[in-house]
Every structure is written in C-alpha cells, then in structure tokens.
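A closer look at the structure
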Amino acid sequence: MRGKTAEDRSLLEILDPVAEAAGYEIVRLRLMSGTKSRRLQIMAEDAHGDDCARLSRVVSEVMDAADPIDGDYLLEVSSPGVDRPLTRLKDFENYEGLSARIELDRLADGRKRFKGELAGIEGDMVAINLEEEEAETALIPFAWIIEAKLILTDDLMKRGADQRAARVQPEQDAKLE
C-alpha cells in the first residue's frame, strides 16, 4: 500500500534506507503521470514533527545520483497530514479509536468498502467497528487493503492539536531556561 506500482516499490527500496538514516519514515510514495512531467510524491513523518525540507534535500541528492526515473519529474515531499493515509499495519494500531475508510482489492462480507472506528489489529488482521446499524466488528486481512484513510472528525482534529502542543511545549520550556 505504501507503493502501488512495481516502479513505486522499486523506488521505496532505494529511498527507505535514505529516509530512515535521516530520521524519517516513508508513509506513502507515488510516481504519478502529468501533462508535462511526472511527479514523485513522498509522504513522510518523523518522531519529532520536523518539516520535510531536510528529507527533500537528501532524497533529491540520492535521486540525482541514482537516476532511477526516466525523464523529468517533480519531487514533492510532505507530511501525511491530519486525515492521513493508513499504509502500514502499525498505523491501524496507532490510530485505534479514530474513524477511517478502508477499501479492499476483493469482496469481504459481500463488499469492498468499510467505514467505521478502528479497533486495532489482531495478527495481520485489521479490526474496524462498522458504522452501520449492525454494530459489528469486521476483521480484514491487511494484505487485502488497497486504500485506507482517516476520516476528518473533531476527535482527529483534537488529537492533532494535542500532538502539536506536546511538540511545541519542550521548545518553549527550553527557551525559558
């Protein structure tokens, strides 16, 4: 899910170690077609909430040296944002209790799309409490998921604000010392 195509996955093999060495983790990578040139979109995060400018510079240097993409392309590095894609199994655990949409590559329980509150993971299965009147929990194999994203809600916005405040507080404390 972090990379959709074989070319995306090949680029992840090159760039994952680079991102990790710089203190980042790539959440999603997409090489997309454009009218004039292609666009390499990388969503990444780090534990400290730093911006992605440093990662963009490092990736640019590696891409220039390795030259794995034919033709011109535009590099776009950003954070995943509040209503982020869920691309790794650990994301479904980390964002337990929040609302999400999940799309599968095949039918499960007679459908491909699920919406509800994330209920964690069980082995390699993702648990989601469905919004429908059935009030049941669906267990979905992670390998079947082709797209998953958090839904923008008040709870998600509050969580994002709390995380930003927690990152800013140590900086403010350091300035006061």
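Everything below is about the structure printed above this text.
Below you will find a few notes about this structure. (Residues numbered from 1 in each chain as written. Predicted model: local features only at pLDDT ≥ 70, side-chain atom pairs only at ≥ 80, totals over all residues. Heavy atoms only, no water.)

**A closer look at helix H2 (residues 53-66)**
The end-to-end C-alpha distance of H2, which contains 14 residues, comes to 20 Å, matching closely the 20 Å that a straight helix rising 1.5 Å per residue would cover. Along H2, the positions that sit buried rather than exposed are Leu-55, Val-59 and Met-63. Within H2, the buried residues cover an arc of 60 degrees as seen down the axis, which keeps them to one side. For H2, the exposed residues lying more than 90 degrees away from the buried face are Arg-57, Glu-61, Asp-64 and Ala-65. Looking at the buried side of H2, the elements it contacts are helix H1 (6-21), strand S1 (24-32), strand S2 (38-46) and strand S3 (73-78). Remark: Asp-67 follows H2 within two positions and exhibits a positive phi of approximately 50 degrees. (Helix = DSSP H or I, 4+ residues; strand = E, 2+ residues; numbered from the N terminus. Expected span 1.5 Å × (residues − 1). Buried < 20%, exposed > 50% of the residue type's maximum accessible area, 1.4 Å probe, protein only. Arc of directions from axis to C-beta. Contact = heavy atoms within 4.5 Å.)

**Some thoughts on the sheet that holds strand S6 (residues 125-130)**
Within the open sheet, the five strands sit side by side as S7-S6-S5-S4-S8. Their pairing is antiparallel. In this open sheet, the two edge strands, each paired with only one partner strand, are strand S7 (137-141) and strand S8 (145-150). With direction set aside, neighbouring strand axes in the sheet form an average angle of 45 degrees. With five bridges connecting them, strand S5 (residues 111-122) and S6 associate as antiparallel partners. Residue pairing across strands places Leu-118 opposite Ile-128, the latter belonging to S6. (Pairing = 2+ DSSP bridges. Axes fitted to C-alpha atoms, helices over the stretch in contact; angles between N-to-C directions.)

**Some words on the side chain of Asp-8**
By secondary structure assignment, the location of Asp-8 is in helix H1. Among buried charged residues, Asp-8 stands out as having no salt bridge; its nearest opposite-charge side chain is Arg-30, 4.6 Å away. When sequence neighbours within four positions are dropped, the list of residues in contact with Asp-8 reads Gly-3, Leu-29, Arg-30 and Leu-31. (Lys, Arg positive; Asp, Glu negative; His and termini not counted. Salt bridge = Lys/Arg side-chain N within 4 Å of Asp/Glu carboxyl O.)

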